[in-house]
Amino acid sequence: MPNPAYDLHIHSCLSPCGDDEMTPANIVGMAAVKELGLIAVTDHSTCKNCGTVLRLAEEYGVLAMPGMELTTAEEVHVVCLFEDLHAAMDFDEYVYSKLPDIQNVEKIFGKQQIMDEDENVTGIVDKLLINATSISFDDVYGLVEERGGVMIPAHLDKSTTSLISNLGFIPPDAKFATAELKNFGNLHRLTKEHPYLEKCRIISNSDAHYLQDIHEPEHTLYIEEMTRKAVIRALKQGMPHMV
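The shown structure was predicted, so the numbers you read here are calculated from the model rather than taken from an experiment. The numbering scheme is per chain: residues are counted from 1 as the chain's sequence reads. Only residues with pLDDT of 70 or above have their local features reported here, since the model is predicted, and side-chain atom pairs are shown and tallied only from 80 upward, although totals for entire chains, interfaces and linings are computed over all residues. Just so you know, side-chain values use all the structure's heavy atoms and leave hydrogens and water out.

**Describing the pattern of salt bridges**
Argument step 1. We define a salt bridge as a side-chain nitrogen of Lys or Arg found within 4 Å of a carboxyl oxygen belonging to Asp or Glu. Applying the stated criterion to the full structure yields nine salt bridges.
Argument step 2. Measuring nitrogen to oxygen at the nearest pair gives 3.5 Å for the salt bridge that ties Glu 193 to Arg 189. Taken together, the residues span about one helical turn, with Glu 193 and Arg 189 both in helix H7 (residues 187-193) at a distance of four residues.
Argument step 3. Judged by relative accessible area, which is 39%, Arg 189 ranks as partly exposed.
Argument step 4. Across the salt bridge formed by Arg 233 and Glu 224, the nearest N and O atoms sit 2.8 Å from each other.
Argument step 5. Given the relative accessible area of 30%, Arg 233 is considered partly exposed.
Argument step 6. Categorising residues by exposure relies on relative accessible area from a 1.4 Å probe, with only protein chains included: less than 20% of the type maximum marks a residue as buried, more than 50% marks it as exposed, and the intermediate range marks it as partly exposed. With a relative accessible area of 49%, Glu 224 lands in the partly exposed category.
Argument step 7. Each of Asp 90, Glu 146 and Arg 147 takes part in one network of salt bridges that share partners. A run of H or I in DSSP counts as a helix once it spans at least four residues, and a run of E counts as a strand once it spans at least two, with each numbered from the N terminus.

This is the structure in structure tokens:
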């Protein structure tokens, strides 16, 4: 059974807060150098660099998941991963329609660059991607599930933009099976405070905005086979806690 080292929360230069050096080529190259077997580029409210990442990852022998980091109406960050690029781009289109019509100002917020495999800028995204969408946290599970994906509440141990920091609790009707922590050292405390997490698979990602912050191969995920379908299936299964 494969046990790849992973980092499933990485920002490219399409996120306005992502460094300009976070091109798809550099991200995949760094993942390969660090011997990560499984990655996901999850830009704020967009999947538009995912196609390039998937093509490059195949060349490097790295398994890449198309995804995004969605900001809900409550300003909760949720990592959304998909098996299929077409489904991810359908979600991308839906999410973009739920962003406020506020234009990005590069000098203030940063560039939002779509890039090809040769690091050419092929487009930019006009709306400011770091704004909250009008999608509620309660609706995310169904929207992602109907597209064959999985939702993962991001960095639950962060003091801002997390489910726990912003809502103060985990909704009793929540359906997610995997949650993300920045630091596994916070797991015991959070599980004690929020028993829902006892049944969840807990993963830790870098949330990297700079190349040097992409994780070293320290956390691994057991999957049945090296396919995106197997990754989605594992992340929907909840326990055990995989590190």
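After presenting the structure, the write-up continues.
**What about helix H1 (residues 24-33)?**
Argument step 1. Residues Pro 24, Ala 25, Ile 27, Val 28, Gly 29 and Ala 31 constitute the buried set of H1.
Argument step 2. A contact between two residues is defined here by any heavy atoms of the two lying within 4.5 Å. On its buried side, H1 packs onto strand S1 (6-10), strand S2 (38-44), helix H2 (50-60) and strand S5 (113-115).
Argument step 3. A positive phi of about 65° marks Glu 35, the residue just after H1.

**Some words on the packing of aromatic side chains**
Argument step 1. Only centres within 6.5 Å qualify two rings of Phe, Tyr or Trp (six-membered ring in Trp) as a pair; their planes then separate them into stacked at under 30 degrees, edge-to-face at over 60, and tilted for everything else. In the structure shown here, the tally under the stated rule is three aromatic pairs.
Argument step 2. Consider the rings of Phe 176 and Tyr 196, whose centres lie 4.8 Å apart with planes at 55°: the pair is tilted. One end of the pair, Phe 176, is in the loop between helix H6 (163-167) and strand S8 (178-181); the other, Tyr 196, is in the loop between H7 and strand S9 (201-204), with 20 residues separating them in the sequence. Like Tyr 196, Phe 176 is buried.
Argument step 3. Taken together through their ring pairs, the aromatic side chains of Phe 137, Phe 176 and Tyr 196 make up a single cluster.
Argument step 4. The aromatic ring of Tyr 94 is capped on one face by Arg 147, whose charged end is 5.5 Å from the ring centroid. Two conditions define a charge located above a ring, namely a distance within 6 Å from the ring centre to NZ of Lys or CZ of Arg, and an angle within 35 degrees of the ring normal.

**Some thoughts on the packing of H1 against H2**
Argument step 1. Helix axes use the C-alpha atoms of the stretch in contact, all axes being lines fitted to C-alpha atoms, and the angles between their N-to-C directions lie in the range 0 to 180 degrees. Their axes nearest at 9 Å, the elements H1 and H2 cross at an angle of 35°. By crossing handedness, the relation of H1 to H2 is classed as right-handed. Every residue of H2 that contacts H1 at Pro 24, Ala 25, Val 28, Gly 29 and Ala 32 is listed here: Thr 52, Val 53, Leu 56, Ala 57 and Tyr 60. Rotating anticlockwise by less than a right angle from the far helix to the near helix defines a left-handed crossing, while the corresponding clockwise rotation defines a right-handed one.

**Remarks on the environment of Thr 133**
Argument step 1. Counting through the fold element by element, Thr 133 comes out in the loop between strand S6 (121-124) and helix H5 (137-145).
Argument step 2. Between the alpha carbons of Thr 133 and Thr 71 there is a distance of 6.0 Å; along the sequence they are 62 residues apart.
Argument step 3. Beyond its immediate stretch of four places on either side in the chain, Thr 133 contacts Ser 45, Leu 70, Thr 71, Thr 72, Ala 73, Val 95, Lys 98 and Leu 99.
Argument step 4. There is a polar contact of 2.8 Å between the side chain of Thr 133 and the backbone oxygen of Thr 71. Here a polar contact is taken to be a pair of N or O atoms separated by no more than 3.5 Å, where protein atoms must pair a possible hydrogen donor with a possible acceptor and residues adjacent in sequence count only if both atoms sit in side chains.

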